[in-house]
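Single-letter residue listing:
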Amino acid sequence: MIGTMAQAAPYVGYVYPNETDIPWSVLIVIYPYITGLVAGAFIVSSLFHVFGMAQYKPVARFALLTAVSFMFFVPMPLLLHLGNPQRAFNAVLTPHWTSAMAAFSYVAGFYISLLLLEIWFAFRADIVALSKTTQGPLGTVYRLMTLGSDDVSPRALALDHKFATVLAMIGIPAAGGLHGYVGFLFGSVKAREWWSSDLMPIIFLLSAIVSGIGLLIVLYVVYSRIRKVPVDQACMKGLARTMWAFLLVVLVIEGLELLEMFYKRLEGIDMVQRLIEGPIRYGMMIQWGGSLIVLALLTVLIVFRVEGKALVRGLVISGVGMMIAVLAMRWNVVIGGQELSKTMKGLLVYYPEILSHEGLVAVAIVFTCPFVVLWLITRFLSPWEPEPS
Amino acid sequence: MTQEDKKIEVKGSNLVRRNFFLRMLGIGTACAGTWVGSGNLVARAQSAETAAAAAPKIPDYDWNKHKWAFGVDATRCIGCLRCVEACKAENGVTQDAHHFRTWVERYVYLEGDERAHVDSQSDAQNIAASGSEKEFRFDNRYKDAKVEKAFFVPKLCNHCTHPACVQVCPTGATYQTKDGVVLIDHSYCIGCQYCVQACPYGVREFNHVMGVTDKCTWCYHRITKGLQPACVEVCPVEARVFGDRNDPQSPISAFLRNNRVSVLKPETGNAPNVFYVGIDKEVC
């Protein structure tokens, strides 16, 4: 309920009295998760737009629309979480620059502007065509969206392509910055043993890319089914390799971090071990088990040059698997960090609420919105290349 | 309770009624990017960064002339918890077992144990002993045990010289005063709770009615009028010491001069201004 405390977290050992009121709920699990999906989808589009990898062309524009649809809802969980959301602009108008959080609106605002600009250049020819063929209010919208520029000569289109490429090039560090920033938000909290790690930004960024590629694979296959067109095999093979590479690196880095932590055995390590064996046990099993299964599956798909329906099925399973594993990783970090008491003498257990504005239903609604918006956007601006007749 | 506190409480109760509407309005407003009320916020923009530079309007008080600090003599504390009771009453702290501006921890070493058994007044057995979350008592669980060593440790905001909570606040709603106190502007706090995460000592708590973070102010409304913080005032054994470090005759100056003191979690680099005597390595 709004205005009241969620159920106090049960605990074992000794925890500070105020810690039983867990500050960041499941909404803050979904926040870095959604941001990560944006980063991953964007990277795929950049593989085509910047690096010219032609096999990604079928999903390049769709990836941009996916990124922007999810980006629209990145602030949503944060706003729902605030005690005084009506004051959210305080952080924008009077940012306190020593706070990582103060940069959020600027980082997110810059990134969303960049995405919208890139989409405009990538879709300008389509928008001009639609503005000429569509009647009624929708036609007016298309005409407005041309921004008065209806030149679709080869020279103008080449210029569009150049602009889109430059924007995509800026977009790569921006996507890295956006998600690295989220990692910094957690990694810089020295009071939380489980968060305070220099590797946090890089782990967040790499896992974000893996989850985003997973999302794109699933969405691309689903949309292809709906459109009743075959899935592009070369594109799928490329996505499989990209996901495999990023997944491998993130697993190695995360593994090394855990290894170092347990090798150094700094004070409080016993409680960290109990956290992993206790409150986040299932989360860790899903994160690590899921990631390793997907890695094995992708290795099989690549090594044995699997093609056709088997490749698509394998990749959809991998995509869904990675989305679940990375969601578990976000839970393990955000919730796990708060379940480990700052006393290092106790553990708390967080139980999410169901119906409150910070509950699971709210999370489900927030997470459904980008899919609905993406569907609407693709109806409005088709990212697909026309089928060869 | 001071007039200012009453104002805050009235504001709080108004907020309860308006809470749902405001939250929904706020989410809608922010999402749509509407700049409602931005004029007022821009005006605040000029003052927020310099909050610490603009002295509060308190009659006969100059915050440039003081440097407050707090001492805790754990060897004196008897765990009576009057300080906790006084703090809750003085500052209108939420009356349950999960919100405290100050609390007391009990450390007990039993014969043969290497680690201390730790609890506070929030422990379920202690609440059962007091009969209510609004009353505070340590139970008698060690009555028949062979206790080797035991002591109480009062805890409160450390009003750090380099406060991590101030560093992470995205709006500057939490700030450091010239006289060394860390305060929160409740009318400006957005309720993100980043500061709650950042405090290594767990002293920040969230006021769910007002949607803002709260914490010990060393009773700023009292000390700026020449009074002692409520917890110091009621302590029957002078385990809590408060004063002005700029005044060599003040109780805190004498406390720091006459004792070998330590601070909690010095490795965080926060440089706390609550100084302890009589605690050992187990104190977290």
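As the structure is a prediction and not an experimental result, all values here were calculated from the model. (Residues numbered from 1 in each chain as written. Chains lettered and ligands numbered in written order. Predicted model: local features only at pLDDT ≥ 70, side-chain atom pairs only at ≥ 80, totals over all residues. Heavy atoms only, no water.)

(A) Quick peek at the overall build of chain A. Broken down by element type, chain A carries 13 helices and two strands. Here the C-alpha coordinates of chain A stretch approximately 70 × 55 × 35 Å along the principal axes. In chain A, buried positions account for 57% of the 389 residues. In chain A, the share of contacts with a sequence separation of at least 24, taken over all contacts with a separation of at least 6, comes to 80%. Summed over its atoms, the accessible surface of chain A is roughly 16300 Å², and 70% of this surface lies on carbon and sulfur atoms. (Helix = DSSP H or I, 4+ residues; strand = E, 2+ residues; numbered from the N terminus. Buried < 20%, exposed > 50% of the residue type's maximum accessible area, 1.4 Å probe, protein only. Contact = heavy atoms within 4.5 Å. Areas by Shrake-Rupley, 256 points an atom, 1.4 Å probe, with all protein chains shown as cover.)

(B) Expanded view of the pattern of salt bridges. Considering all chains together, one arrives at 19 salt bridges over all chains under this definition. For Lys264 of chain A, the salt bridge goes to Glu260 of chain A, with nearest N and O atoms at 3.6 Å. Of the two residues, Lys264 of chain A and Glu260 of chain A both sit in helix α9 (residues 233–264), four residues apart, roughly one turn of that helix. Arg222 of chain B is the salt-bridge partner of Glu233 of chain B, the closest N and O atoms lying 3.1 Å from each other. Taken as a pair, Glu233 of chain B in helix α8 (residues 230–234) and Arg222 of chain B in helix α7 (residues 220–223) lie far apart in primary sequence, 11 residues in all. According to the relative accessible area criterion, Arg222 of chain B is buried, its value standing at 14%. By sharing partners, the salt bridges in this structure join Arg106, Asp119, Asp123, Asp139 and Arg141 of chain B into a single network. (Salt bridge = Lys/Arg side-chain N within 4 Å of Asp/Glu carboxyl O.)

(C) How the structure looks around a negative patch on the surface. Together, Glu111, Asp113, Glu114 and Glu148 of chain B make up a negatively charged patch on the protein surface. By the element assignment, Glu111 of chain B lies in the loop between β2 (102–110) and β3 (117–120). (Patch = residues over 30% accessible without salt bridge, like charges linked within 9 Å, V, L, I, M, F, W, Y side chains within 5 Å. Lys, Arg positive; Asp, Glu negative; His and termini not counted. Charge placed at Lys NZ, Arg CZ, Asp CG, Glu CD.)

(D) Local environment of the nonpolar core. Among the nonpolar cores identified, the biggest contains 136 residues, and Tyr111, Leu115, Phe186, Met236 and Leu247 of chain A together with Tyr194 of chain B are the most heavily contacted of them. Looking at which domains feed residues into this core, each of domain 1 (29–188 + 354–384) and domain 2 (231–350) of chain A gives three or more. Setting aside its immediate chain neighbours within four residues, Met236 of chain A contacts Ile217, Tyr220, Val221, Val231, Leu311, Val312 and Leu315 of chain A. One finds Val72, Tyr109, Tyr201 and Cys231 of chain B within the second-largest nonpolar core, a separate group that totals 46 residues. (Core = buried A, V, L, I, M, F, W, Y, C linked by side-chain atoms within 4.5 Å. Domains from an automatic or database assignment.)

(E) Inspection of helix α7 (residues 154–187) of chain A at higher detail. The end-to-end C-alpha distance of α7 of chain A, which contains 34 residues, comes to 48 Å, matching closely the 50 Å that a straight helix rising 1.5 Å per residue would cover. Where α7 of chain A bends most, at Gly171 of chain A, the angle is about 25°, and the proline Pro173 of chain A comes one to four residues later. (Expected span 1.5 Å × (residues − 1). Bend = angle between axes of the 7 residues up to and from the residue.)

(F) View of unusual backbone geometry. At Leu147 of chain A, a residue that is not glycine, the phi angle is positive and equals roughly 55°. Position of Leu147 of chain A among the secondary structure elements: in the loop between α6 (136–145) and α7. One non-glycine residue, Lys265 of chain B, lies in positive phi territory at about 45°. With respect to the element layout, Lys265 of chain B can be found in the loop between α9 (251–258) and β10 (274–277).

(G) Representation of the domain arrangement of chain A in the model. Residues and elements named next belong to chain A. Here chain A is described as being made up of domain 1 (29–188 + 354–384) and domain 2 (231–350). Between the C-alpha centres of domain 1 and domain 2 there is a distance of 26 Å. Counting residues at the interface gives 14 residues for domain 1, matched by 14 residues for domain 2. Both sides of the domain 1 and domain 2 interface together cover about 1200 Å² of buried area, and 79% of this is carbon and sulfur. Remark: the boundary between domain 1 and domain 2 carries zero salt bridges. Our enumeration of links across domain 1 and domain 2 arrives at four residue pairs in polar contact (both at pLDDT 80 or more). Taken together, the elements giving at least two residues each to the side of domain 1 that touches domain 2 come down to α1 (27–49), α2 (57–72) and α7. Tallying contributions element by element places α1 first for the side of domain 1 that touches domain 2, with seven residues. (Buried area = accessible area lost by both parts, 1.4 Å probe. Polar contact = N/O pair within 3.5 Å; in protein donor to acceptor, adjacent residues only side chain to side chain.)

(H) Inspection of the packing of α1 of chain A against helix α5 (residues 104–133) of chain A at higher detail. Residues and elements named next belong to chain A. The N-to-C vectors of α1 and α5 enclose an angle of 35°; their axes lie 13 Å apart at closest approach. Where α1 crosses over α5, the handedness of that crossing is left-handed. Each of Tyr31, Val38, Phe42, Ser45 and His49 in α1 lies in contact with α5, whose residues at this interface are Phe104, Tyr111, Leu115 and Glu118. Its residues assigned to classes, the contact of α1 with α5 shows six nonpolar, two polar and one charged. (Axes fitted to C-alpha atoms, helices over the stretch in contact; angles between N-to-C directions. Left-handed = near helix turned anticlockwise from the far one by under 90°. Nonpolar A, V, L, I, M, F, W, Y, C, P; charged D, E, K, R; others polar.)

(I) Region of the structure containing the interface of chain A and chain B. Taken together, the 50 residues of chain A in the interface contact 72 residues of chain B. Counting the contacts that link chain A with chain B gives one salt bridge. Put simply, Lys345 of chain A and Glu282 of chain B hold a salt bridge, and the shortest N to O gap is 3.2 Å. Only β1 (11–14), α3 (75–81) and α4 (90–93) of chain A provide two or more residues apiece to the side of chain A that touches chain B. If you tally residues by element for the side of chain A that touches chain B, the top one is α3 of chain A, at four residues. Of the residues contributing to the side of chain A that touches chain B, the split by class is 27 nonpolar, 17 polar and six charged.

(J) Highlighting the packing of aromatic side chains. All chains considered together, the criterion is met by 31 aromatic pairs over all chains. Residues Tyr223 of chain A and Trp375 of chain A carry aromatic rings whose centres are separated by 5.8 Å and whose planes lie at 55° to one another, so their mutual orientation is tilted. One end of the pair, Tyr223 of chain A, is in helix α8 (residues 200–227); the other, Trp375 of chain A, is in helix α13 (residues 360–380), and 152 residues separate them in sequence. In textbook terms, an aromatic cluster arises when at least three aromatic residues are bridged by ring pairs, as seen for Trp24, Phe186, Trp195 and Phe204 of chain A together with Tyr194 of chain B. A cation over an aromatic ring shows up here: Arg330 of chain A above the ring of Phe204 of chain A, its NZ or CZ 4.8 Å from the ring centre. (Phe/Tyr/Trp six-rings, centres within 6.5 Å; stacked < 30°, edge-to-face > 60°. Lys NZ or Arg CZ within 6 Å of the ring centre and 35° of its normal.)

(K) Layout of the environment of Ala60 of chain A. Residue and element names in this part refer to chain A. The residue Ala60 is located in helix α2 in this model. Residue classification places Ala60 among the buried residues on the basis of a relative accessible area of 1%. Taking the C-alpha atoms as reference points, Ala60 and Ser46, 14 residues apart in sequence, are found 7.5 Å from one another. When sequence neighbours within four positions are dropped, the list of residues in contact with Ala60 reads Ser45, Phe48 and His49.

(L) Quick look at the side chain of Gln193 of chain B. Tracing the backbone through its elements, the reader meets Gln193 of chain B in the loop between β6 (182–184) and α6 (194–198). Here the side chain of Gln193 of chain B touches Pro23 of chain A through a polar contact of 3.4 Å, landing on its backbone oxygen. Beyond its immediate stretch of four places on either side in the chain, Gln193 of chain B contacts Pro23, Trp24 and His81 of chain A together with Phe206 and Thr213 of chain B.

(M) Layout of the environment of Pro154 of chain B. Residue and element names in this part refer to chain B. When you line up the elements, Pro154 lands in strand β4 (residues 147–156). By relative accessible area, Pro154 is classed as buried at 1%. Sequence spacing of Pro154 and Asp73 is 81 residues, and the spatial spacing of their C-alpha atoms is 8.8 Å. With residues near it in sequence (within four places) discarded, Pro154 still touches Val72, Cys77, Trp103, Val104, Arg240 and Tyr276.

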